[in-house]
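Analysis of the macromolecular model
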Amino acid sequence: MPQTKTVGLMVDSDPFEVITTNIMQETAKLLELDFTPTAENVHLIDMCGPGYAIPSPEGNAAIRMMAENEGLFLDPVYTGKAFAGLVKMAREGQFKPTDNVLYLYSGGAGGLFAIDIELD
């Protein structure tokens, strides 16, 4: 929908502006919307950190926060870094109390034990 702000939290150096726009356009077609998203409708935040599949301090802190507070385990490659981006946005005041925020938790169980990380 045109009034919806989509934010992509990038965890890789792939061309996310192209990938995300294509996904949104295909979704709009499937839903038969009268709106065609463009690259201007996607706001990207780089959360790659030191590199793809390399844990970041921010991601590790987000993993610990989610595990302690919600009992959900985020992987250090994708969802941990992406959730760190959401936390960063919230701390920067980018959300109003009346905003509806959706964080797509895509799992990542396969990556939970693939990489050693320190959560201290």
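The rules behind these values
- Residues numbered from 1 in each chain as written.
- Predicted model: local features only at pLDDT ≥ 70, side-chain atom pairs only at ≥ 80, totals over all residues.
- Heavy atoms only, no water.
- Helix = DSSP H or I, 4+ residues; strand = E, 2+ residues; numbered from the N terminus.
- Buried < 20%, exposed > 50% of the residue type's maximum accessible area, 1.4 Å probe, protein only.
- Contact = heavy atoms within 4.5 Å.
- Phe/Tyr/Trp six-rings, centres within 6.5 Å; stacked < 30°, edge-to-face > 60°.
- Core = buried A, V, L, I, M, F, W, Y, C linked by side-chain atoms within 4.5 Å.
- Axes fitted to C-alpha atoms, helices over the stretch in contact; angles between N-to-C directions.
- Parallel < 35°, antiparallel > 145°, perpendicular 65-115°, else oblique.
- 1 Å grid on protein atoms, 1.4 Å probe; cavity = no way out; pocket = protein on both sides within 12 Å on 5 of 7 lines; lining within 4 Å.
- Points joined across faces, edges and corners; volume = space filled by probe spheres on them.
- Nonpolar A, V, L, I, M, F, W, Y, C, P; charged D, E, K, R; others polar.
- Pairing = 2+ DSSP bridges.
- Right-handed = clockwise from strand over helix to strand, strands pointing away.

Quick word on the overall build of the protein chain
- Each helix and strand in the protein chain was counted, giving three helices and two strands.
- Going from N to C terminus, the protein chain has its helices and strands arranged as β-α-β-α-α.
- By residue count, 32% of the 120 residues in the protein chain fall in the buried class.
- Counting contacts in the protein chain only where the partners sit at least 6 residues apart, residues at least 24 apart contribute 64% of the total.

Remarks on the packing of aromatic side chains
- This structure, assessed with the given rule, holds two aromatic pairs.
- Between phenylalanine 83 and tyrosine 103, the aromatic rings sit 5.4 Å apart at their centres with planes inclined by 70°, giving edge-to-face as the arrangement. One end of the pair, phenylalanine 83, is in helix 3 (residues 79–91); the other, tyrosine 103, is in the segment after helix 3, with 20 residues separating them in the sequence. The two residues phenylalanine 83 and tyrosine 103 agree in class, both being buried.

Some thoughts on the nonpolar core
- Counting residues in hydrophobic clusters, the biggest one holds 14 residues, and the most contacted among them are Leu9, Ile45, Met47, Leu74, Phe83 and Tyr103.
- Put simply, the parts of the chain that give this core at least two residues each are helix 2 (57–70) and helix 3.
- In terms of residue count, the dominant contributor to this core is helix 3 (six residues).
- Setting aside chain neighbours within four positions, we find methionine 47 in contact with Leu9, Met10, Val11, Lys81, Ala84, Gly85 and Lys88.

Looking at the packing of helix 2 against helix 3
- Following both chains from N to C, one finds helix 2 and helix 3 inclined at 85°, their axes separated by 8 Å at the closest point. In terms of orientation, helix 2 lies roughly perpendicular with respect to helix 3. Packed against helix 2, whose contacting residues are Glu58, Gly59, Ala62, Ile63, Met65 and Met66, the element helix 3 presents Gly80, Lys81, Phe83, Ala84, Val87 and Arg91 at the interface.

Topic: the layout of surface pockets
- By volume, the largest pocket is sized at about 1400 Å³.
- Considering the residues around the largest pocket, the lining is formed by 36 residues, among which Thr6, Val7, Gly8, Leu102 and Leu104 are closest to the centre.
- Every element with two or more residues in the lining of the largest pocket is listed here: strand 1 (6–10), helix 1 (16–30) and helix 3.
- The dominant element in the lining of the largest pocket, judged by the number of residues it contributes, is helix 1, at seven residues.
- Among the residues forming the lining of the largest pocket, the class breakdown is 24 nonpolar, 10 polar and two charged.
- The volume enclosed by the second largest pocket comes to roughly 160 Å³.
- Met47, Pro57, Glu58, Ala61, Ala62, Met65, Ala84, Val87, Lys88 and Arg91 together form the lining of the second largest pocket.

Section: the pairing of strand 2 (residues 42–46)
- As paired strands, strand 1 and strand 2 are joined by five bridges and run parallel to one another. Bridge pairing in strand 2 places threonine 6 opposite valine 42.
- With helix 1 bridging strand 1 and its parallel neighbour strand 2, the resulting β-α-β unit is right-handed.

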